[in-house]
Amino acid sequence: MASNITLTMIKPDAVAAGHSGKIIDMIIQAGFRVQAMKLTRLSTEKAQEFYAVHSARPFFGDLVKFMTEGPIIAAVLEKENAVEDFRKLIGATNPANAEEGTIRKAFATDIERNAVHGSDSNENAAIEASFHFAGVERF
Ligand code: ATP
Ligand code: MG
């Protein structure tokens, strides 16, 4: 089934580098509508919870450290087929494999410091949207 929302985070690397405005512009230009957005910072506990699916992976500790090093911008984005279309817009996890025109191709540094998150399923989009936002914060 096509989804209509996805959850993104502009990660600490991209926020610190001043790329947030350009990334948000690419998202809007690609046809996504912002339902909710905020500048926030993940605690260690919240980052561990968000990426719990990767807790057994060798990079988990570094990932949590990276995701907590500074503020992020979290947003709920609405569009027909949102999850799949947003994954296409952000590009491959490793920017070395990301296509021209994608956000990671333009702004990611490496496979860890890859500028943006995008939900990987409709189910996770709903869980991740609730992780970051209360119902009254979504429009
Ligand atoms: P995200 O979930 O952040 O949108 P993704 O779905 O493209 O990214 P995942 O496999 O879910 O990729 O990995 C989550 C995050 O963990 C990656 O975005 C990256 O920051 C980090 N990561 C993934 N693989 C590696 C790796 N081999 N080495 C270091 N960091 C990694
Ligand atoms: Mg993922």
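So, a few notes on the structure that sits alongside this text. (Residues numbered from 1 in each chain as written. Chains lettered and ligands numbered in written order. Predicted model: local features only at pLDDT ≥ 70, side-chain atom pairs only at ≥ 80, totals over all residues. Heavy atoms only, no water.)

1. Points about the overall build of the protein chain
Thought 1: Check the secondary structure of the protein chain and you find seven helices and four strands.
Thought 2: Taken from N to C terminus, the helices and strands of the protein chain fall in the order β-α-α-β-α-α-β-α-α-β-α.
Thought 3: At 14 Å, the protein chain has a C-alpha radius of gyration in line with the 14 Å of a compact globule built from 139 residues.
Thought 4: Based on the C-alpha atoms only, the size of the protein chain along its principal axes is roughly 35 × 35 × 30 Å.
Thought 5: Counting every position in the protein chain, which comprises 139 residues, the buried fraction comes to 44%. (Helix = DSSP H or I, 4+ residues; strand = E, 2+ residues; numbered from the N terminus. Rg over C-alpha atoms; globule rule 2.2 N^0.38 Å. Buried < 20%, exposed > 50% of the residue type's maximum accessible area, 1.4 Å probe, protein only.)

2. Description of the packing of aromatic side chains
Thought 1: Applying the stated criterion across every chain, the model contains three aromatic pairs.
Thought 2: Between Phe-50 and Tyr-51 the ring centres are 5.1 Å apart and the planes differ by 75 degrees, which places this aromatic pair in the edge-to-face class.
Thought 3: Using a relative accessible area of 8% as the deciding quantity, one classes Tyr-51 as buried.
Thought 4: Ring centres of Phe-50 and Phe-131 lie 5.2 Å apart, and the angle between their planes is 75 degrees; on these two criteria the pair is classed as edge-to-face. Taken as a pair, Phe-50 in helix H3 (residues 44-50) and Phe-131 in helix H7 (residues 122-132) lie far apart in primary sequence, 81 residues in all.
Thought 5: Classification of Phe-50 by relative accessible area gives buried; the value is 10%.
Thought 6: The class of Phe-131 is buried, set by a relative accessible area of 18%.
Thought 7: One aromatic cluster is present, built from ring pairs that chain together Phe-50, Tyr-51 and Phe-131.
Thought 8: Over the face of the ring belonging to Phe-133 we find Lys-38, whose NZ or CZ atom lies 4.7 Å from the ring centre. (Phe/Tyr/Trp six-rings, centres within 6.5 Å; stacked < 30°, edge-to-face > 60°. Lys NZ or Arg CZ within 6 Å of the ring centre and 35° of its normal.)

3. Section: the nonpolar core
Thought 1: In this structure, Met-9, Leu-42, Tyr-51, Met-67 and Val-76 are the most contacted members of the largest nonpolar core, which totals 21 residues.
Thought 2: Listing elements by their share of this core, those giving two or more residues are strand S1 (5-10), H3, helix H4 (60-67), strand S3 (72-78) and H7.
Thought 3: Counting residues per element, this core draws most heavily on H4, which supplies five residues.
Thought 4: Leaving out residues up to four positions away in the same chain, Tyr-51 has contacts with Met-9, Lys-11, Phe-60, Leu-63, Met-67 and His-117.
Thought 5: Membership of the second largest hydrophobic core comes to 18 residues, among which are Ala-14, Val-15, Ala-82 and Phe-107. (Core = buried A, V, L, I, M, F, W, Y, C linked by side-chain atoms within 4.5 Å. Contact = heavy atoms within 4.5 Å.)

4. Remarks on unusual backbone geometry
Thought 1: Of note in this structure, Asn-81 is not a glycine but carries a positive phi near 60 degrees.
Thought 2: Along the chain, Asn-81 falls in the loop between S3 and helix H5 (82-90).
Thought 3: We note that Ala-115 has phi near 75 degrees; this positive angle belongs to a residue other than glycine.
Thought 4: Within the secondary structure, Ala-115 sits in the loop between helix H6 (103-107) and strand S4 (116-118).
Thought 5: Residue class for Ala-115 comes out buried when judged on its relative accessible area of 0%.

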